[in-house]
Amino acid sequence: VKTAISFTEGQSLLNYPLILKTNSGHGGRDVFKVDCKTELTKQMGELNKGDVILQEMCDNPGVDVRVFVLGKEIIGAVKRYSSNSFKSNFSLGGKAERYTLSEKQVNLVNKIGELFDFDFVGIDFLIDQDGEFLFNEIEDAVGTRTLYQQYDFDVVHMYLKYINKQMVDLHT
């Protein structure tokens, strides 16, 4: 279900600081922190890129966990962080370390996986003040540098095997 609200309604429903994202942004580009209505209005005027997402700043900015999913299988997870930005993107200078999911976190990722037919994605979670996962987004064109950096397996080989199996299953 897609719910549309006006820009003015969105501003009144959320507390500053806000994160403003364009729908077309990726890799931390077109993602901005705005501290007040004046900044938000100014940034919206400068963007002029169609639909945007507004969300409240999380309690733990600059930290997230990306879970890599191939088909219905979790193949790895990394904690991404930055000490100098609210963005944890590796491509913007963020750091990454291998992350071990708890059983509760695995169950959450699997529930999300039940809702979609993924090929290869990254599911990103913010972390609240209690250490709980907050769903942030699904990256369908997910980068794998952090995965290669933290794990000793060939993602491309795994993905090609997955694609081959999908093709075989289509023809049987």
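Everything below is about the structure shown above.
Residues numbered from 1 in each chain as written. Predicted model: local features only at pLDDT ≥ 70, side-chain atom pairs only at ≥ 80, totals over all residues. Heavy atoms only, no water.

Caption draft 1: Region of the structure containing the sheet that holds strand β6 (residues 95–98). Ordered by their spatial adjacency, 5 strands build an open sheet running β6-β5-β4-β7-β8, and the pairing between neighbours is antiparallel. Looking at the sheet topology across the chains shown, the edges are occupied by β6 and β8 (133–139). The average angle at which neighbouring strand axes cross in this sheet is 30°, direction not considered. Bridging between strand β4 (residues 63–70) and strand β5 (residues 73–81) involves 8 bridges; their strand directions are antiparallel. Looking across to β5, one finds that Asp64 is bridged to Arg80. In the packing of helix α5 (residues 155–170) onto the sheet, the strands contacted are β4, β5 and β7 (120–127), and the crossing angle to β4 comes to about 45°. (Pairing = 2+ DSSP bridges. Helix = DSSP H or I, 4+ residues; strand = E, 2+ residues; numbered from the N terminus. Axes fitted to C-alpha atoms, helices over the stretch in contact; angles between N-to-C directions. Contact = heavy atoms within 4.5 Å.)

Caption draft 2: Local environment of helix α3 (residues 103–115). Relative to the 18 Å expected for 13 residues at 1.5 Å per residue, α3 spans 19 Å between its end C-alpha atoms, a close match to the ideal helical length. Within α3, burial applies to Gln105, Val109, Ile112 and Gly113. Down the axis of α3, the buried side of the element spans an arc of 105°, and every buried residue falls inside it. Those residues of α3 that are exposed and aimed more than 90 degrees away from the buried face are Glu103, Lys104, Lys111, Glu114 and Leu115. Turning to α3, the residues buried within the fold contact β4, β5, β7 and β8. (Expected span 1.5 Å × (residues − 1). Buried < 20%, exposed > 50% of the residue type's maximum accessible area, 1.4 Å probe, protein only. Arc of directions from axis to C-beta.)

Caption draft 3: Local environment of the sheet that holds strand β1 (residues 18–22). Judged by pairing direction, the sheet is antiparallel, and its 3 strands sit side by side in the order β2-β1-β3 without closing on themselves. Among the strands making up the open sheet, the edge pair consists of β2 (31–34) and β3 (52–56). Going across the sheet, the axis of each strand differs from the next one's by a mean of 25°, ignoring polarity. Note: β1 against β2, 4 bridges, orientation antiparallel. Looking at β2, one finds that Leu20 is bridged to Phe32.

Caption draft 4: Up close: the packing of aromatic side chains. All chains considered together, the criterion is met by 8 aromatic pairs. Taking 4.5 Å as the distance between ring centres and 15° as the angle between the ring planes, the aromatic pair formed by Phe125 and Phe133 counts as stacked. Like Phe125, the residue Phe133 is buried in the burial classification. Both rings, one in Tyr151 and one in Phe153, keep their centres 5.4 Å apart while their planes meet at 45°; by these two values the pair is tilted. By relative accessible area, which is 11% here, Tyr151 ends up buried. Residue class for Phe153 comes out partly exposed when judged on its relative accessible area of 25%. A network of ring pairs unites the aromatic residues Phe68, Phe120, Tyr159 and Tyr162 as a single cluster. (Phe/Tyr/Trp six-rings, centres within 6.5 Å; stacked < 30°, edge-to-face > 60°.)

Caption draft 5: Just the pattern of salt bridges, in detail. Counted by the stated rule, this structure contains 8 salt bridges. Ionic pairing is found between Lys21 and Glu137, a salt bridge with its closest N-O pair at 4.0 Å. Of this pair, Lys21 sits in strand β1 while Glu137 sits in strand β8; the two residues are 116 residues apart in sequence, bridging distant segments of the chain. With a relative accessible area of 9%, Lys21 lands in the buried category. A salt bridge links Asp124 to Arg80; its shortest N-O distance comes to 3.6 Å. Of this pair, Asp124 sits in strand β7 while Arg80 sits in strand β5, placing them 44 residues apart in sequence. (Salt bridge = Lys/Arg side-chain N within 4 Å of Asp/Glu carboxyl O.)

That's the geometry; what it means functionally is another story.
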